[in-house]
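Here is what each chain is made of, one letter per residue.
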Amino acid sequence: MVFKYCPFCKSEMTVKKVEDRDRNICEACGYIHYENPLPSVGIIAIKDGKCLLIKRGKEPGKGHWAPPSGFVELGETLEEAAARELKEETGLIGHALELLGAYCEPNDVYGYVITIIYLFEIDSGEATAGDDAEEVKFVPLEEIPDMFFECFNKAMKKYKEKH
Ligand SMILES: [Zn+2]
């Protein structure tokens, strides 16, 4: 995203090379609009040899199956963010067992996104599709489709190698 006007002093902003990259800057007050990847969490929850997947209700990847995921909110730990997203999208309560991996990939809607992927254990609840999910199901590990987000394919591969 490029700002036309400075959000601080309302002067017109421009694009100039700063620290070796083209950046959106305000020459009047010196504000530099740094752009960074957005942090998100992904949840790989395995139960009885099956992995919890949701059919995505929103772009990117609308209609594709993928593990629950979402952006980290201010003030929550990464594990809390993952537990919240799991509950919002699937109605299930769970907790993080281990970190499977962290990946930074381009995303059609949000630009570059960092996805920190946890292996989760489910403690309670009935799987029901909630926020941003059209359907929820447990898929046998050997039937997991190629997923829309490459990070989940990588994390799944890592899980299979380790467990
Ligand atoms: Zn300014």
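Our structure's up above, just so we're on the same page.
What comes next concerns the included structure. Residue numbers restart at each chain and count upward from 1, following the sequence in its written direction. Under the rules for a predicted model, residues below a pLDDT of 70 receive no local features and side-chain atom pairs below 80 are neither given nor counted, while totals for whole chains, interfaces and linings still include all residues. Excluded from the side-chain calculation are hydrogens and water; included are all heavy atoms of the structure.

Digging into the sheet that holds strand β1 (residues 14-18)
- In this analysis, strands are considered paired if DSSP registers two or more bridges between them. Secondary structure elements are defined from DSSP: runs of H or I of at least 4 residues count as helices, runs of E of at least 2 residues count as strands, and each element is numbered from the N terminus. Overall, antiparallel pairing links the 3 strands, which are arranged β1-β2-β3 in an open sheet. What marks the edges here is a single partner per strand, and that holds for β1 and β3 (32-33).
- Examined bridge by bridge, β1 and strand β2 (residues 21-25) share 5 bridges and lie antiparallel to one another. Opposite Lys 16, over in β2, you have Arg 23 as the bridge partner.

Some words on the nonpolar core
- Ranked by internal contacts, the top residues of the largest apolar core, which has 20 residues, are Ile 44, Cys 51 and Ile 117.
- Of all the secondary-structure elements, those providing two or more residues to this core are β4 (38-47), β5 (50-56), β6 (65-66), β8 (93-107), β9 (111-124) and α2 (150-162).
- Top element by residues in this core is α2. It accounts for 5 residues.
- Residues within four places of Ile 44 in sequence aside, it is in contact with Cys 51, Pro 67, Leu 100, Ile 117, Tyr 118, Leu 119, Phe 120, Phe 152, Ala 155 and Met 156.
- Take the buried residues of types Ala, Val, Leu, Ile, Met, Phe, Trp, Tyr and Cys, join any two whose side-chain atoms come within 4.5 Å, and each joined set is a nonpolar core. A simple rule labels every residue: compare its accessible area, found with a 1.4 Å probe on the protein chains alone, to the largest value its type can have, and call it buried under 20%, exposed over 50%, or partly exposed in between. By size, the runner-up hydrophobic cluster in this structure holds 15 residues, among which are Ile 43, Leu 86, Phe 120 and Ala 133. Contact definition: two residues touch when any of their heavy atoms are within 4.5 Å.

Examining the pattern of salt bridges
- Salt bridges are defined as contacts in which a side-chain nitrogen from Lys or Arg sits within 4 Å of a carboxyl oxygen from Asp or Glu. Under the defined criterion, the tally for this structure stands at 12 salt bridges.
- For Lys 58, the salt bridge goes to Asp 132, with nearest N and O atoms at 3.8 Å. Of the two residues, Lys 58 is situated in the loop between β5 and β6 and Asp 132 in the loop between β9 and β10 (133-140); the sequence distance between them amounts to 74 residues.
- Asp 132 sits in the partly exposed class, given a relative accessible area of 37%.

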